[in-house]
Amino acid sequence: MINVNENYLKLQAGYLFPEIGRRVRAFAAANPDAAIIKLGIGDVTEPLAPAVIEAMHNAVDEMSRAESFRGYDGDGVGYEFLRNAIVENDFRSRGVDLDISEVFASDGAKCDTGNFQEIFALGNIVAVTDPVYPVYVDTNVMAGRTGVGVGSGGYEGIVYMPCTAENGFVPDLPDQDVDMIYLCFPNNPTGAVATKEQLKKWVDYARRRKAIILFDAAYEAFISDADLPHSIYEIEGAKEVAVEFRSFSKTAGFTGVRFGYTVVPKELKAYNADGSVADVNALWNRRQCTKFNGVSYITQVGAAAVYSADGKRQIQQTIDLYMSNAAAMRNSLEKLGYTVYGGINAPYIWLRTPDGVDSWKFFDLLLEKANVVGTPGAGFGAAGEGYFRLSAFNDPKKVAEAMDRLAKI
Ligand code: MLT
């Protein structure tokens, strides 16, 4: 008899975004004339940068000729030309020295943030922020690192660190020992960004406690404040205790192309049961070589073009467009009397629902009365209740139209 992995049965709800998609499709089917504006899932709308397109076209041509054709990408961790560009542009430019053997190319940060937990023991205590990107929690549930679900959507065994307006949506250190700490800055969903001082507290905690920080920096390209850190490795000692995940999805419009990478420093420490130091870089390499066959050559050439002079300029223009949407949204929402957070160094606006109305009710209200889709805060955790997330990824005209419609309800 084939038995299922019963940890999957602990999962309390469908994955958030398919659930939203299901509700929106049902509404659209019942209201075929509704011109729905989607500010829900953070999916980009602007086309790929011309420099990326040109590079990918050339790569397709290379693949068409026997002499320049490429098959598997060696160990599947990314071509050197791309990992060199990553190390140079994303890290050395910010004073962080990395070797390319510490960079692992992948098909996106969602997969890497979900998969990384596999190389750690099931007995580790996981700490997440609340609200949180659901992937960190659900993948630990699937792995069996938690107990059953509790009423508010959380799980026994996970340490939830509330992120509230009072703490600026940056969590305080937990009052119990934890081993695997998921942090995401700029934050999805709240749009908050941790300062160097705030991250230092976490790095110091992890060093003291011999814990690991799984740092999701998928939205770092949206930081405009020069004092804010883009990488956790800007904090002294972080290489000993942190893995960092990066994504090209929002930065370079790769949601449909798929590219991201994970940094696993050689200095990073985790421990064997006997207390001896284990080599996390080697373990992740082993995991990737076994379960992943690399990113397509065409995608990697496109990703490298993001670091060309034209690519950088073009990508910045698109980021500026999305961030001007965010500024316009903040402005309109504040005028309408909403309490608004985020949207300054991150592409997400996190607003309080009016009169504390339930966030799924607010979702339905916006969909029905304004035909605007957002994301209910409760979908990100118990502390997200009473909040609502709007994404700045859309055409500026549609964003303006969405704000006009909100003004009318
Ligand atoms: C979001 O809307 O939270 C993101 O698009 C989800 C993701 O990147 O997987």
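Residues numbered from 1 in each chain as written. Predicted model: local features only at pLDDT ≥ 70, side-chain atom pairs only at ≥ 80, totals over all residues. Heavy atoms only, no water.

(A) Spatial organisation of the sheet that holds strand β3 (residues 126-130). Here seven strands make up an open sheet; going across it, the order is β2-β8-β7-β6-β5-β3-β4 and the pairing mixed. Of all the strands in the sheet, the pair left with one neighbour each is β2 (103-106) and β4 (158-162). Mean inter-strand twist for the sheet, computed between neighbouring axes without regard to direction, equals 20°. Its contacts with the sheet put helix α5 (residues 134-143) on β3, β4, β5 (180-184) and β6 (212-216), and the angle it makes with β5 is roughly 155°. (Pairing = 2+ DSSP bridges. Helix = DSSP H or I, 4+ residues; strand = E, 2+ residues; numbered from the N terminus. Axes fitted to C-alpha atoms, helices over the stretch in contact; angles between N-to-C directions. Contact = heavy atoms within 4.5 Å.)

(B) Quick look at the pattern of salt bridges. Using the criterion set out here, one finds 20 salt bridges in the structure. A salt bridge links Asp97 to Arg92; its shortest N-O distance comes to 3.1 Å. (Salt bridge = Lys/Arg side-chain N within 4 Å of Asp/Glu carboxyl O.)

(C) Here's a closer look at the site of the ligand. The full set of residues close to the ligand is Phe17, Ile41, Gly42, Lys110, Tyr133, Asn188, Tyr219, Lys250, Tyr348 and Arg389. Lys250 is positioned with one of its side-chain polar atoms (N or O) 2.7 Å from an oxygen atom of the ligand. Within the complex, the protein chains bury 85% of what would otherwise be the 270 Å² of accessible surface of the ligand. Split by residue class, the shell around the ligand holds five nonpolar, two polar and three charged. (Near = heavy atom within 4 Å. Polar contact = N/O pair within 3.5 Å; in protein donor to acceptor, adjacent residues only side chain to side chain. Areas by Shrake-Rupley, 256 points an atom, 1.4 Å probe, with all protein chains shown as cover. Nonpolar A, V, L, I, M, F, W, Y, C, P; charged D, E, K, R; others polar.)

(D) Up close: the domain arrangement of the chain. Domains assigned within the chain are domain 1 (6-47 + 310-407) and domain 2 (53-307). Considering only the side of domain 1, the residues that lose the most area to domain 2 are Gln12, Tyr15 and Asn345, jointly responsible for 21% of the buried surface there. Our count for the domain 1 to domain 2 interface comes out at zero salt bridges. Counting across the domain 1 and domain 2 interface gives 15 residue pairs in polar contact (both at pLDDT 80 or more). Of all the secondary structure elements, the ones that give two or more residues to the side of domain 1 that touches domain 2 are α9 (309-335), β11 (340-342), β12 (348-352) and β15 (387-391). Per-element tally for the side of domain 1 that touches domain 2: the top contributor is α9, with six residues. (Domains from an automatic or database assignment. Buried area = accessible area lost by both parts, 1.4 Å probe.)

(E) Summary view of α9. Over its 27 residues, α9 extends 39 Å from the first C-alpha to the last, a length consistent with the 39 Å expected when each residue adds 1.5 Å. Taken together, the buried positions of α9 are Gly311, Gln314, Ile315, Ile319, Tyr322, Met323, Asn325, Ala326, Met329, Arg330 and Leu333. The inward-facing, buried residues of α9 contact α2 (50-63), α8 (297-305), β11, β12, β15 and α11 (396-408). Looking one or two places after α9, you find Gly337, whose phi comes out positive at around 100°. (Expected span 1.5 Å × (residues − 1). Buried < 20%, exposed > 50% of the residue type's maximum accessible area, 1.4 Å probe, protein only.)

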